[in-house]
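Here is how the chains run, residue by residue.
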Amino acid sequence: MAKKKRRAPKEEEEKYEFVPPEFDEREFLLKDIQVTKVLWVVTALAVVMGFVAYYFSEMAGEMAVGLLILLVSLLGLKQMLTLFRFDVSEIENKSMMGNYLLFFFLFLGVWIICMNPPLADHTNPVIGDMSVTYEVSGEYVDAAISSNIYTISGTGTISVNISALVADNTPLSQVTILWKAHSDADFSPFNMTSIGNDHYQFLVDVDAPASSGTFNNNNFKIVVTDDAGNTAETTNFVLRVNYSA
């Protein structure tokens, strides 16, 4: 008769019990407060250094000075935080990288804002929409233009109106036309008159030649200066007057 096999008793499975680590609430709050303080200090430093970059780049007249200050500030950010008695070694790399990014973009934003109106102006005025008309039988008609030469025809004294659109992002201090009549040896400056909508004009009388087959060449160009000292000027134009009976 076969003997029955004895079953080995099952070993009891070891039970696993998760034991959460002790949570130090005070340490957590202190660390969170320090991270917040560092964030506010980095924000303040970025704003201050952005103004510093604007000031010294304006003094030097070079944008490169501001970029140099940005680079030096970024490299010395940890040292600046140390001056405020922060233990930089305790700041996590991820948090420090965020501080670097915040400093860079906020510095750049403050600097760019300061480099534009109303604090600063580095944009030259724009001169366009040139127009030259002359009086014929009580009405003004357009002068013919080819390259930089405006041509009109008539006899005796002819009234001419030179106008242009002058635009800028800050107020203009001077809109001048340099005028040289055919009988003049050099240019003379005259202020142009505002006629609204950023348009300026200059009215002048020119002399037609006394006989056919001849012409008188007058020269002019427009020069504009804004309140920040930025300037713009047109090329030299010729106003040619032909004899026409």
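Coordinates for the structure precede this section.
These notes cover the structure that comes with them. Everything numeric in this text was worked out from a predicted model, so none of it was measured.

Cut-offs applied
Residues numbered from 1 in each chain as written. Predicted model: local features only at pLDDT ≥ 70, side-chain atom pairs only at ≥ 80, totals over all residues. Heavy atoms only, no water. Phe/Tyr/Trp six-rings, centres within 6.5 Å; stacked < 30°, edge-to-face > 60°. Helix = DSSP H or I, 4+ residues; strand = E, 2+ residues; numbered from the N terminus. Buried < 20%, exposed > 50% of the residue type's maximum accessible area, 1.4 Å probe, protein only. Lys NZ or Arg CZ within 6 Å of the ring centre and 35° of its normal. Expected span 1.5 Å × (residues − 1). Arc of directions from axis to C-beta. Lys, Arg positive; Asp, Glu negative; His and termini not counted. Salt bridge = Lys/Arg side-chain N within 4 Å of Asp/Glu carboxyl O. Polar contact = N/O pair within 3.5 Å; in protein donor to acceptor, adjacent residues only side chain to side chain. Contact = heavy atoms within 4.5 Å. Pairing = 2+ DSSP bridges. Core = buried A, V, L, I, M, F, W, Y, C linked by side-chain atoms within 4.5 Å.

### Regarding the packing of aromatic side chains
Turning to step 1, where the next piece is worked out: If you walk through the whole model with that rule in mind, you get 9 aromatic pairs.
Turning to step 2, where the next piece is worked out: Seen in terms of ring centroids, Tyr 55 and Phe 56 are 5.3 Å apart; in terms of plane orientation they differ by 85°. Their pairing is edge-to-face.
Turning to step 3, where the next piece is worked out: Summarising the aromatic geometry, the rings of Tyr 150 and Phe 237 are spaced 5.8 Å apart at their centres and angled 55° between planes, so their arrangement reads as tilted. With a gap of 87 residues between them, Tyr 150 in strand 4 (residues 149–154) and Phe 237 in strand 12 (residues 237–243) connect regions that are remote in the sequence.
Turning to step 4, where the next piece is worked out: The class of Phe 237 is buried, set by a relative accessible area of 9%.
Turning to step 5, where the next piece is worked out: These aromatic residues form a ring-pair network of at least three members: Tyr 150, Trp 179, Phe 190, Phe 202, Phe 220 and Phe 237.
Turning to step 6, where the next piece is worked out: We note Lys 180 situated over the ring of Phe 187; from NZ or CZ to the ring centre the distance is 5.9 Å.
Turning to step 7, where the next piece is worked out: The side chain of Arg 240 reaches across the aromatic face of Phe 215, ending 4.5 Å from its centre.

### Details of helix 4 (residues 93–114)
Turning to step 1, where the next piece is worked out: Between its first and last C-alpha, helix 4 extends 32 Å over 22 residues, near the 32 Å set by a 1.5 Å rise per residue.
Turning to step 2, where the next piece is worked out: Those residues of helix 4 lying buried are Met 96, Asn 99, Phe 103, Phe 107, Val 110, Trp 111 and Cys 114. Projected onto a plane normal to the axis of helix 4, the buried residues spread over an arc of 95° and lie on a single side. Of the exposed residues in helix 4, the ones pointing more than 90 degrees away from its buried face are Lys 94, Met 97, Phe 105 and Ile 113.

### Describing helix 2 (residues 63–75)
Turning to step 1, where the next piece is worked out: End to end, helix 2 covers 19 Å across 13 residues, agreeing with the expected 18 Å (1.5 Å per residue, within 8%).
Turning to step 2, where the next piece is worked out: Where helix 2 is concerned, the buried positions are Gly 66, Ile 69, Leu 70, Ser 73 and Leu 74. For helix 2, the arc enclosing every buried residue in end-on projection is 130°, short of the 170-degree limit, so these residues lie on one face. Along helix 2, the residues that are exposed and aim more than 90 degrees away from the buried face are Leu 68, Val 72 and Leu 75.

### Notes on the side chain of Asp 121
Turning to step 1, where the next piece is worked out: Turning to its location among the elements, Asp 121 is positioned in the loop between helix 4 and strand 1 (126–136).
Turning to step 2, where the next piece is worked out: Lys 221 is the oppositely charged side chain nearest to the buried, salt-bridge-free Asp 121, at an N-O distance of 21 Å.
Turning to step 3, where the next piece is worked out: A distance of 3.0 Å separates a polar side-chain atom of Asp 121 from the backbone nitrogen of Thr 123.
Turning to step 4, where the next piece is worked out: A polar atom in the side chain of Asp 121 sits 2.8 Å from the side chain of Thr 170.
Turning to step 5, where the next piece is worked out: Setting aside residues no more than four positions away along its own chain, Asp 121 makes contact with Met 115, Asp 168, Asn 169, Thr 170, Asp 226, Ala 228 and Asn 230.

### Side note on the pairing of strand 12
Turning to step 1, where the next piece is worked out: Alignment of strand 4 against strand 12, held across 6 bridges, turns out to be parallel. Note that in strand 12 the partner of Ile 152 across the bridge is Val 241.
Turning to step 2, where the next piece is worked out: Note that strand 10 (residues 215–226) and strand 12 share 6 bridges and pair antiparallel. What sits directly across from Asn 216, in strand 12, is Val 241.

### What about the pairing of strand 2 (residues 139–142)?
Turning to step 1, where the next piece is worked out: Across 4 bridges, the pairing between strand 1 and strand 2 is antiparallel. When the sheet's bridge partners are listed, Glu 135 is paired in strand 2 with Tyr 140.
Turning to step 2, where the next piece is worked out: Counting the residues that bridge the hairpin from strand 1 to strand 2 gives 2 residues, and of these Ser 137 lies at a positive phi of roughly 55°.

### Description of the nonpolar core
Turning to step 1, where the next piece is worked out: Of all hydrophobic cores here, the largest spans 26 residues; its most connected members are Ile 152, Val 160, Trp 179, Val 206, Phe 220 and Leu 239.
Turning to step 2, where the next piece is worked out: Secondary-structure elements contributing two or more residues to this core are strand 1, strand 4, strand 5 (157–167), strand 6 (172–180), strand 9 (199–207), strand 10 and strand 12.
Turning to step 3, where the next piece is worked out: Counting residues per element, this core draws most heavily on strand 5, at 5 residues.
Turning to step 4, where the next piece is worked out: Beyond its immediate chain neighbours, meaning those up to four positions away, Ile 152 contacts Tyr 134, Ala 143, Ile 158, Val 160, Val 206, Leu 239, Arg 240, Val 241 and Asn 242.
Turning to step 5, where the next piece is worked out: If you look at the next biggest cluster of nonpolar residues, it comprises 25 residues, including Met 49, Ile 69, Phe 103 and Trp 111.

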